[in-house]
Amino acid sequence: MSIKLEHINYVYSEGTAYEKHALKDVSLEIPHGEFVGIIGHTGSGKSTLIQHLNGLIKATSGALYYNGENIYGENYNLRELRNQVGLVFQYPEHQLFEVNVLQDVCFGPKNQGLSPEECEKRAREALQLVGLKEKYYDHSPFDLSGGQKRRAAIAGVLAMRPKVLVLDEPTAGLDPKGRDEILDQIAYLHEKADMTVILVSHSMEDIAKYVDRIIVMNKGSVMFNDVPKKVFAHYKELESVGLAAPQVTYIMHALKEKGMDVPTDATTIEEAADGIMKALKKERAAK
Amino acid sequence: MIRDITIGQYYPADSRIHKLDPRVKIVCTLLYLISLFTFKSILGYVLATVFLFGCIKLSKVPFKFIVRGLKPIVILLLITVGFNLFLTPGGETLVHVGFIKITEYGLSTAVYMAIRLIYLIMGSSLMTLTTTPNSLTDGLEKLLNPLNKLHVPVHEISMMMSIALRFIPILLEETDKIMKAQIARGADMESGNLIQKAKAMIPILVPLFVSAFRRANDLAMAMEARCYRGGDGRTKMKPLIYKSTDHVAYLITILYVVAAFVVGRYVPFKLWIF
Amino acid sequence: MKMIKTDKLVFEYAKRDEEGNVIGKSRAIDEVSLDIEPGQFIAILGHNGSGKSTLAKHMNALLVPSDGTMWVDGMDTKEDEHLWDVRQSAGMVFQNPDNQIIGTVVEEDVGFGPENLGVPTEEIWQRVEDSLKAVGMIEYRHHSPNKLSGGQKQRVAIAGVMAMRPKCIVLDEPTAMLDPNGRKEVLRSVMELRKREHITVILITHYMEEVVDADHVFVMDHGHVVMQGTPREIFSQVDTLKHYRLDVPQVTILADELRKRGLDIPAGVLKKEELVEILCRLN
């Protein structure tokens with residue numbers, strides 16, 4: 001279930017005053033089962049990029065291979081692609097429309113042409129996966145709390161049983177607890193449901209502890225594409241494009257500059273604390 | 001497609017037309033539109049063309065922006081032209097193939113009708129492109145002010161209009177987003193008969209309405225928080241006062257209308273009989 | 001006189017069942033009493049549903065207390081005659097940048113408040129110019145708000161409030177829908193305003209990094225004020241903050257973790273420079 005992008009370019013409103021080169025020569029490969037983070041600030045092209053993954057936007061030039069097949073091929077079935085690559089938009093709760101939660105989640109499977117029984121089965125399964133309690137299934141989606149609405153909306157995509165799950169800032173507007181719950185749930189999905197997960201965010205701190213790899217987008221191009229530790233090592237360049245590495249990265253670098261022997265590639269608090277304790281002990285032993 | 005409608009989209013530029021009082025632009029546009037329907041000879045259209053293109057030039061709005069306003073009416077245009085072309089009797093028969101018959105009168109009516117429609121849209125697009133929706137509604141409010149005496153809530157209506165205009169682009173963007181989100185969930189908008197297509201709109205319309213109401217609610221609160229309490233006791237940041245250029249603009253338009261009317265109707269220069 | 005004072009403020013709303021029948025009452029705010037001095041920078045923290053936004057709406061008389069009293073600049077918000085004075089004294093900026101801009105051109109939007117107050121035309125222009133300059137948006141005065149970024153829209157909204165010359169500005173989660181750049185940009189504007197105009201700022205948020213410079217912090221949960229004090233006092237209680245579902249900055253957690261492991265670090269470290277300095281001294 002790999003996704004491969006080759007020299008993708010995308011130009012908005014070509015030939016008008018608003019022409020904008022949103023993606024510039026983007027080449028990427030996302031193998032099956034990976035948990036990838038895409039980071040960039042507003043206007044970096046990250047949202048445009050992910051809409052290419054399920055064929056909602058067609059590249060101006062370049063090729064996109066899903067499982068080795070070019071999705072811009074003549075007889076390629078885009079509907080089938082959309083069944084395989086589930087896309088959760090930003091503020092997905094704004095797409096809820098049915099009379100109750102269960103029916104709303106059934107919308108995707110129904111569009112896939114499944115029997116009503118099968119639809120319901122998949123919907124229940126998806127709702128369980130996102131951890132929404134059964135007592136809410138017959139509530140109107142509009143009566144749920146913000147966090148619950150978002151879960152229901154994510155379930156709406158999961159019910160289609162995608163192989164790849166793409167989420168565009170799934171935590172926007174949630175409070176810290178809601179954010180952590182959603183991210184934990186996504187990590188759980190990645191592990192249990194054997195899904196490739198692509199998480200778009202503008203917060204490094206949020207995704208540092210979850211993802212295998214980070215793709216940093218800037219002005220429509222891929223700026224970095226590496227494991228978190230290596231990406232954060234470029235914290236100064238990240239800053240120059242309006243992104244920031246986690247706070248601990250800054251602390252570790254500052255300590256190193258002041259002559260303390262700490263590992264600068266620590267990204268979590270645990271690692272940082274371990275590194276600092278070790279450095280201090282070494283120093284004391286030397287004295 | 002909905003994005004192509006230029007009516008209601010302001011093009012910022014620093015031009016004489018932009019600086020005119022909105023009342024001038026509304027009244028002159030109306031006069032211009034009426035003038036289009038009085039001509040009986042091609043000379044009238046020549047004058048109308050000169051006037052329109054002169055205004056476009058003065059406005060500094062790129063020509064393609066004005067032309068883009070025509071896109072949504074292409075079909076209407078084709079139908080009108082078709083009807084006039086095939087169904088107007090009179091004059092010499094130019095083409096006669098089977099049941100299709102095009103007469104001289106038919107051809108000239110079709111051409112003039114097309115020009116009228118195109119100029120009509122271009123003229124009104126020029127007005128909306130050079131006038132912010134707010135000053136447009138301000139202008140309307142002031143022009144319609146006499147209706148206040150008949151208890152018509154003129155201020156409220158114009159406030160509603162300007163808010164609607166502000167939210168049109170936002171709601172269009174939102175429609176686009178919701179549509180994409182539902183397509184990502186496998187929704188099919190293209191195939192099926194009319195009823196199925198109408199049904200396919202529900203997953204888009206329901207969220208759109210919900211969002212519109214949420215926005216309306218938020219906006220009402222924001223307006224109240226900024227002490228909005230209707231039109232009474234309100235002052236204006238940009239009160240409408242006629243300047244000398246506005247009088248000049250009125251004068252030019254009236255001259256045009258009179259000239260066009262006289263020339264277009266009574267000067268016996270006819271390319272085609274009308 | 002206090003800028004804002006509440007005495008056992010209660011706000012109740014009716015709970016309804018599926019058919020819309022009232023089945024009971026719930027308290028979004030439960031007997032909150034607090035004082036805010038003029039010129040202070042106050043932060044109110046709390047997770048979604050803690051009652052912090054409801055409290056903010058009382059400061060602008062968009063909501064009136066079910067019980068208890070709220071005074072804004074000495075005026076009881078429940079009395080109708082003060083309604084417009086209250087709203088003029090305590091201006092409000094909301095969360096969603098799109099849904100609070102009324103004008104279709106930036107400067108017209110900023111002029112909306114003064115127009116409603118009946119300010120003479122010439123003065124409106126002066127105020128619009130001053131306010132747009134104060135938030136650094138003067139070069140965008142002729143732009144359409146739709147073409148601005150989220151952070152810029154919020155700065156326009158702040159200018160719109162400033163043009164009403166309030167004594168106090170209440171910001172209800174102004175950064176919740178922005179990206180990190182927008183967030184920084186809005187906070188910088190607010191801080192500059194505060195320095196220049198000596199205005200009372202009440203910032204409601206769930207981002208703890210935004211409150212490190214506050215004079216006083218209130219933490220709300222279930223309609224109650226559960227913690228209050230200086231940022232340092234608040235941040236020194238990492239476990240309690242986590243209990244109230246708040247996001248403690250990484251520096252503070254790291255400092256806390258190191259302290260738990262036996263290092264001599266004071267509680268409530270707020271900034272990364274501070275921690276680096278302490279650690280260097282220990283080294």
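If you're wondering where the values come from, they're calculated on a predicted model, not measured in any experiment. Within any chain, residue numbers begin from 1 and follow the written order of that chain's sequence. Lettering for chains starts from A, numbering for ligands starts from 1, and both go in the order in which the items are written. Local features in a predicted model are, by the rule used here, given only for residues with pLDDT of at least 70; side-chain atom pairs are given and counted only at 80 or more, and totals for whole chains, interfaces and linings are based on all residues. For the side-chain quantities, the full set of heavy atoms in the structure was used; hydrogens and water were omitted.

Draft legend 1. Summary view of the side chain of C:Arg155. Residues and elements named next belong to chain C. Numbering of helices and strands runs from the N terminus; a helix is a DSSP stretch of H or I covering at least four residues, while a strand is a stretch of E covering at least two. With respect to the helices and strands, the residue Arg155 is situated in helix α5 (residues 150-162). Exposure remark for Arg155: the relative accessible area of 13% places this residue in the buried category. From its side chain, Arg155 meets the backbone oxygen of Gly136 in a polar contact 3.2 Å long. Contacts between residues were defined by any pair of non-hydrogen atoms, one from each residue, lying within 4.5 Å. Residues contacting Arg155, with those up to four places away along its chain left out, are Val135, Gly136, Met137, Glu185 and Ser189. Each residue is assigned to one of three classes by its accessible area relative to the maximum for its type, calculated with a 1.4 Å probe on protein chains only: buried under 20%, partly exposed between the two thresholds, exposed over 50%. Two N or O atoms count as a polar contact when they lie within 3.5 Å, although within protein this holds only if one can serve as hydrogen donor and the other as acceptor, and sequence-adjacent residues are included solely when both atoms are side-chain atoms.

Draft legend 2. Highlighting the interface of chain B and chain A. The interface is formed by 21 residues belonging to chain B together with 27 residues belonging to chain A. Note on terms: buried area is the combined drop in 1.4 Å-probe accessible area of two parts once they are placed together, counting the loss on both. Buried surface at the junction of chain B and chain A, both sides included, amounts to about 1900 Å², of which 60% is carbon and sulfur. Broken down residue by residue, the surface that chain B buries against chain A is led by B:Lys180, B:Ala184 and B:Arg185, which jointly contribute 36%. By definition, a salt bridge exists where a carboxyl oxygen of Asp or Glu is found within 4 Å of a side-chain nitrogen of Lys or Arg. Viewed at the interface, chain A and chain B are joined by two salt bridges. The residue A:Asp104 makes a salt bridge to B:Arg185 at a minimum N-O spacing of 2.9 Å. Inspection of the chain B/chain A interface yields seven residue pairs in polar contact (both at pLDDT 80 or more). With eight residues, the single largest contributor to the side of chain B that touches chain A is helix α8 (residues 154-184) of chain B.

Draft legend 3. Spotlight on the layout of surface pockets. A volume near 700 Å³ is recorded for the second largest pocket. In the cavity and pocket records, a cavity denotes points on a 1 Å grid over the protein atoms alone where a 1.4 Å probe fits but cannot get out, a pocket denotes an open set with protein on both sides within 12 Å along at least 5 of 7 lines, and lining residues are residues with an atom within 4 Å of a point. Along its surface, the second largest pocket is lined by 25 residues, and B:Tyr10, B:His18, B:Lys19, B:Ser135 and B:Lys238 are the ones closest to its centre. Within the residue set of the lining of the second largest pocket, elements represented by two or more residues are α1 (16-19), α2 (22-36) and α7 (133-143) of chain B together with α3 (106-117) of chain C. Ten residues, namely Ala, Val, Leu, Ile, Met, Phe, Trp, Tyr, Cys and Pro, are considered nonpolar, four, namely Asp, Glu, Lys and Arg, are considered charged, and the remaining ones, Gly among them, are considered polar. Split into classes, the residues belonging to the lining of the second largest pocket amount to 10 nonpolar, six polar and nine charged. Grid points are joined across faces, edges and corners, and a volume is the space filled by probe spheres set on the points.

Draft legend 4. The pairing of strand β3 (residues 35-39) of chain A, seen in detail. Residues and elements named next belong to chain A. Taking burial as the measure, the five residues of β3 include five buried ones, the bulk of the element. Neither face of β3 is exposed, since Phe35, Gly37 and Ile39 on one face and Val36 and Ile38 on the opposite face are all buried. Paired strands, in this sense, are two strands between which DSSP finds at least two bridges. Relative to strand β8 (residues 196-201), β3 runs parallel, the two sharing five bridges. Along β8, the bridge assignment pairs Val36 with Ile198. Sheet analysis places β3 next to strand β9 (residues 213-218), joined by four bridges and oriented parallel. Bridge assignment links Ile39 to a residue of β9, and that residue is Val216.

Function-wise, these values are silent; they only describe arrangement.
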